[in-house]
Amino acid sequence: MLLSTMSATHRCLLVSEIFQLIAEELYENGGLRTLTVLARTCKVLHEAVLPVLWNSLESIVPLLRLFPPDTWSEIENPDGETVLRITKPDALEWTRFNHYAPHVRKLIWKDRSDVSLLALSALSVYRPLDKPLLPELRSLIWCEERAPYFAFVHLFLSPTIRELGLGTTDFEPDVIMALMENAGRICTQIELLTICTGRISDSTPECTEAVGDAFARFIRATPTLKAFNAEVYLPATCVEALAALPRLEVLDLHMRPEDLEKVAASAACVSPKGYWFRTLALLSLCVTRLDSSTKTFLEAIQSPALIELAITTLRQPDALTLRQQFEVLAHGPWRDNLMTLLLDFDQPFNENAPPPSLDVGYALQPLYALPVMDTLIIHGPTVFVDSSTLRSIANAWSKLEILSMLSWDVHPATERCLQLEDLVPLARKCPELNVLELHLNAEAVPDEAAMTRLLPEPSQSPLRSLTVYDAPITRPQRVADFLERMFPEVHMIDYRGEAAFPDGARERFEMGWREVQRLLHSKFAARSPGLPACRCVGLGVSGEAA
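What counts, and at which threshold
Residues numbered from 1 in each chain as written. Predicted model: local features only at pLDDT ≥ 70, side-chain atom pairs only at ≥ 80, totals over all residues. Heavy atoms only, no water. Helix = DSSP H or I, 4+ residues; strand = E, 2+ residues; numbered from the N terminus. Buried < 20%, exposed > 50% of the residue type's maximum accessible area, 1.4 Å probe, protein only. Areas by Shrake-Rupley, 256 points an atom, 1.4 Å probe, with all protein chains shown as cover. pLDDT = per-residue confidence, 0-100. Contact = heavy atoms within 4.5 Å. Polar contact = N/O pair within 3.5 Å; in protein donor to acceptor, adjacent residues only side chain to side chain. Expected span 1.5 Å × (residues − 1). Arc of directions from axis to C-beta. Core = buried A, V, L, I, M, F, W, Y, C linked by side-chain atoms within 4.5 Å. Salt bridge = Lys/Arg side-chain N within 4 Å of Asp/Glu carboxyl O. Phe/Tyr/Trp six-rings, centres within 6.5 Å; stacked < 30°, edge-to-face > 60°. Lys NZ or Arg CZ within 6 Å of the ring centre and 35° of its normal. Pairing = 2+ DSSP bridges. Right-handed = clockwise from strand over helix to strand, strands pointing away. Axes fitted to C-alpha atoms, helices over the stretch in contact; angles between N-to-C directions. Parallel < 35°, antiparallel > 145°, perpendicular 65-115°, else oblique. Left-handed = near helix turned anticlockwise from the far one by under 90°. Nonpolar A, V, L, I, M, F, W, Y, C, P; charged D, E, K, R; others polar. Disulfide = S-S within 2.5 Å.

Trainee: With reference to specific residues and values, describe the overall build of the protein.
Mentor: Scanning the protein from terminus to terminus reveals 20 helices and 19 strands. The burial tally for the protein puts 49% of its 546 residues in the buried class. Accessible area for the protein stands at about 24900 Å²; split by element, carbon and sulfur atoms hold 53% of it.

If you want it as structure tokens, here you go:
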């Protein structure tokens, strides 16, 4: 067919970039079989579809099947799974493999059982040494609990890798050291490094001195690193190497007290013209406790771009200690940008003594100087919030979108718990608040006169999700009417908590809040036809969606 006689649509398809966009759209929408058929239609379509079909792999078996069929075989293991073996490694012919391998941009290996260990060993011994197996690989995710298999991640390291994700529960020092040495030598353009061990808190693995040195050398050899997330307690040398990186934006950091002290000592010596975390935007810090070392560490951070800070401790601080940490945050270079603060405390500060009452209102006072806070989450064993704290929060943070303050061990007594009317300042002064989680006592419901006084103008609050913890309730209909008036968009209500109430009251409270949910959802559905049945998804006690 002459080009002049072709339709405009047909001529467009001859432009490989256009057809590749179509192929990518088909792939993302589950059209793998269609793409396979198209690839067999003609050479033009084959060349356009090929990069899409091979772009992402979750097994290397398709690549290994490109070797001559007499060099490999597949057998069934005792679990009924098919396993590929390389039977003639010295007869491997790499032409077809090398033709398709450059199209692979992402490899995800998750405890694969379809390739034998001997096959990986054969690849290690007989692979070409002049170039990587996957020379254009951008993302390598290698999750493997079996130490012998995990070691073979080195086969797929490539200078082109930008994302490296490693997952293992068997943190073998020798294997990790070898991997860091190879990665530091080969993968000098990595931007994202993630190490998952599946173990956190007290069971988080620690780096030996030798492993820590290997980590530090790798970090120094990778100045392009933008995000670092490792479920490993890092030694001071690694943290200091991370602090010097010129592009690091996201950091998830676990430190033991002794290493935190060393890092704090180094941080205290950094001059204002020095370099200490200058580009951080998101910091997640997991430490044993908040003390002078964490204060010094936070004070030394030089990034004005910090927008989110998450701190997890194994010991809950008292209110004074927490306030001192907040004073640092209130005066940092990020003052005008910090938007999100998440605090998750584990055990009481002193397990052998009654837990201290964490007065959130007292601790928070320095933070009211931060102008753009939109998320505040504080969870711990003994977190107490009073009405004046909610008023102060509403007055300080008009951009607040998520507010969650929960005590998951020692619960506020009924007479000290927040009342329904205490929520009014949030409805009036937080026009962007969408999620609210608090301990609440809903037994007292303001009457019409009180509501007119508390809320003289119709509420414009956009709040949609309310999660109440250990919340007594006696009159669901009146509570639903009150909440609808205060939060006209709310239609997702959740009751949670573990407090024990006498005479089966907990079950009555749960039933009462389910009735509130039903009433509000019905009213909202009447105003919004087509709204599906729903339930509230709260943040739970960890700050994550439950």
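That covers the picture; the talk isn't over yet.
Trainee: How would you sum up the confidence of the model for the protein? Please name residues and give values.
Mentor: Residues at a pLDDT of 70 or more form 84% of the protein, whose mean pLDDT is 87. Least confident of the elements in the protein is helix α1 (residues 8-13), whose mean pLDDT is 52; most confident is helix α16 (residues 387-396), at 97. In this model residues 535-546 is a low-confidence stretch, pLDDT under 50, and it forms 41 contacts with partners more than four residues away in sequence or in other chains.

Trainee: I'd like a description of the side chain of threonine 160, backed by residues and values.
Mentor: Examined against the element boundaries, threonine 160 turns out to sit in the loop between α8 (147-150) and β6 (163-167). Residue class for threonine 160 comes out buried when judged on its relative accessible area of 16%. For threonine 160, the side chain forms a polar contact with the main-chain oxygen of leucine 137, separated by 2.5 Å. Beyond its immediate chain neighbours, meaning those up to four positions away, threonine 160 contacts Pro135, Glu136, Leu137 and Arg138.

Trainee: So what about helix α9 (residues 173-186)? Which residues, and what values?
Mentor: With 14 residues, α9 ought to run about 20 Å at 1.5 Å a step, and its terminal C-alpha atoms sit 20 Å apart, in line with that. Within α9, the full set of buried residues consists of Ile176, Leu179, Met180, Ala183 and Gly184. Along the axis of α9, the buried positions cluster into a sector of 125 degrees, meaning they face one direction only. Among the exposed residues of α9, those pointing more than 90 degrees away from its buried face are Asp174 and Arg185. On its buried side, α9 packs onto α8, β6 and α10 (209-220).

Trainee: An account of the side chain of serine 116 is needed here, citing residue identities and associated values.
Mentor: Structurally, serine 116 can be placed in the loop between β4 (106-110) and α7 (117-126). If sequence neighbours within four positions are ignored, serine 116 has contacts with Val83, Leu84, Arg85 and Tyr149.

Trainee: How would you explain the nonpolar core if you had to name every residue and give the values?
Mentor: Within the largest apolar cluster, 155 residues are counted, with the highest numbers of intra-cluster contacts made by Leu242, Phe277, Phe297, Leu483 and Trp513. Ignoring any residue separated from it by four or fewer positions in sequence, one finds leucine 242 in contact with Ile219, Leu225, Phe228, Leu234, Leu248, Leu251, Leu253 and Phe277.

Trainee: Describe the pattern of salt bridges, with residues and values.
Mentor: Side chains carrying opposite charge are able to pair once their charged atoms draw close together. Under the defined criterion, the tally for this structure stands at 15 salt bridges. For arginine 323, the salt bridge is made with glutamate 327, and the minimal N-O distance between the two is 3.8 Å. In this pair, arginine 323 and glutamate 327 are both assigned in helix α14 (residues 319-330), four residues apart and thus about one turn of the helix distant. You can call arginine 323 buried: its relative accessible area is 18%. Through salt bridges that share partners, Asp481, Glu484 and Lys523 make up one connected network.

Trainee: Summarise helix α20 (residues 505-527); cite the residues concerned and give the values.
Mentor: In an α-helix, one full turn covers 3.6 residues, which means residues spaced three or four apart are oriented alike. For α20, spanning 23 residues, the distance from its first C-alpha to its last is 33 Å, which sits close to the expected 33 Å at 1.5 Å a residue. All buried positions along α20 are accounted for by Ala505, Arg506, Phe509, Gly512, Trp513, Val516, Gln517, Leu519, Leu520, His521 and Phe524. Elements that come into contact with the buried residues of α20 comprise β18 (465-469), α19 (476-486) and β19 (492-496).

Trainee: Hey, could you go over the packing of aromatic side chains for me, with residue numbers and the actual values?
Mentor: Applying the stated criterion across every chain, the model contains nine aromatic pairs. Seen from their ring centres, tryptophan 276 and phenylalanine 277 are 5.7 Å apart, and the 85 degrees between their planes marks the pair as edge-to-face. The ring centre of tyrosine 149 lies 3.8 Å from the NZ or CZ of arginine 146, which sits over that ring.

Trainee: I'd like a description of unusual backbone geometry, backed by residues and values.
Mentor: We note that phenylalanine 277 has phi near 50 degrees; this positive angle belongs to a residue other than glycine. A residue is classified by how much of its surface remains accessible, and phenylalanine 277, at 2% relative accessible area, is buried. Within the chain, aspartate 470 stands out as a residue other than glycine whose phi angle is a positive 45 degrees. Within the fold, aspartate 470 resides in the loop between β18 and α19.

Trainee: How would you summarise the pairing of strand β7 (residues 192-196) if you had to cite specific residues and measurements?
Mentor: Bridge analysis of β6 against β7 gives five bridges, and the strand direction is parallel. Bridging from a neighbouring strand, leucine 164 pairs with leucine 193 of β7. Between the parallel elements β6 and β7, the chain passes through α9 in a crossover that is right-handed.

Trainee: Can you lay out the packing of helix α12 (residues 257-268) against helix α13 (residues 292-300) for me, pointing to particular residues and giving the numbers?
Mentor: Packing of α12 against α13 leaves a shortest axis separation of 8 Å and a crossing angle of 40 degrees. Classified by the angle between their axes, α12 and α13 sit oblique to one another. The element α12 and its partner α13 pack so that their crossing is left-handed. On the side of α12, the interface is formed by Leu260, Glu261, Val263, Ala264, Ala267 and Ala268, while α13 contributes Ser293, Thr294, Thr296, Phe297 and Ala300. In terms of residue class, the contact of α12 with α13 is built from seven nonpolar, three polar and one charged.

Trainee: Talk me through the packing of α13 against α14; I want residue IDs and the actual numbers.
Mentor: Relative orientation of the contacting elements α13 and α14 amounts to 5 degrees, with a least axis distance of 9 Å. Looking at the two axes, α13 sits roughly parallel to α14. Where α13 approaches α14, its residues Thr294, Lys295, Leu298 and Glu299 are matched on the opposing element by Gln324, Gln325, Val328 and Leu329.

Trainee: Which residues make up the environment of proline 102, and what are the values?
Mentor: For proline 102, the location among the structural elements is in the loop between α6 (95-100) and β4. Sequence separation between proline 102 and glutamate 136 is 34 residues, and the spatial gap between their C-alpha atoms is 5.2 Å. Setting aside residues up to four positions removed in sequence, proline 102 forms contacts with Pro135 and Glu136.

Trainee: Quick one: what's the story with the environment of proline 148, residue by residue and with numbers?
Mentor: You can see proline 148 is positioned in helix α8. Judged by its relative accessible area of 48%, proline 148 is partly exposed. Each C-alpha atom, one on proline 148 and one on valine 175, is 9.1 Å from the other, the two residues being 27 residues apart in sequence.

Trainee: Explain the pairing of β19 residue by residue, including any values.
Mentor: With five of five residues buried, β19 lies mostly within the body of the structure. The two faces of β19 match: Met492, Asp494 and Arg496 on one face and Ile493 and Tyr495 on the other face are all buried. For the crossover from β18 across α19 to β19, the handedness is right-handed.

Trainee: Describe in detail the state of the cysteines, supporting the description with residues and values.
Mentor: The full count for this structure, using the stated rule, is zero disulfides. Cysteine 196 carries a free sulfur, and the closest cysteine sulfur to it, the one in cysteine 143, is 6.5 Å from it.

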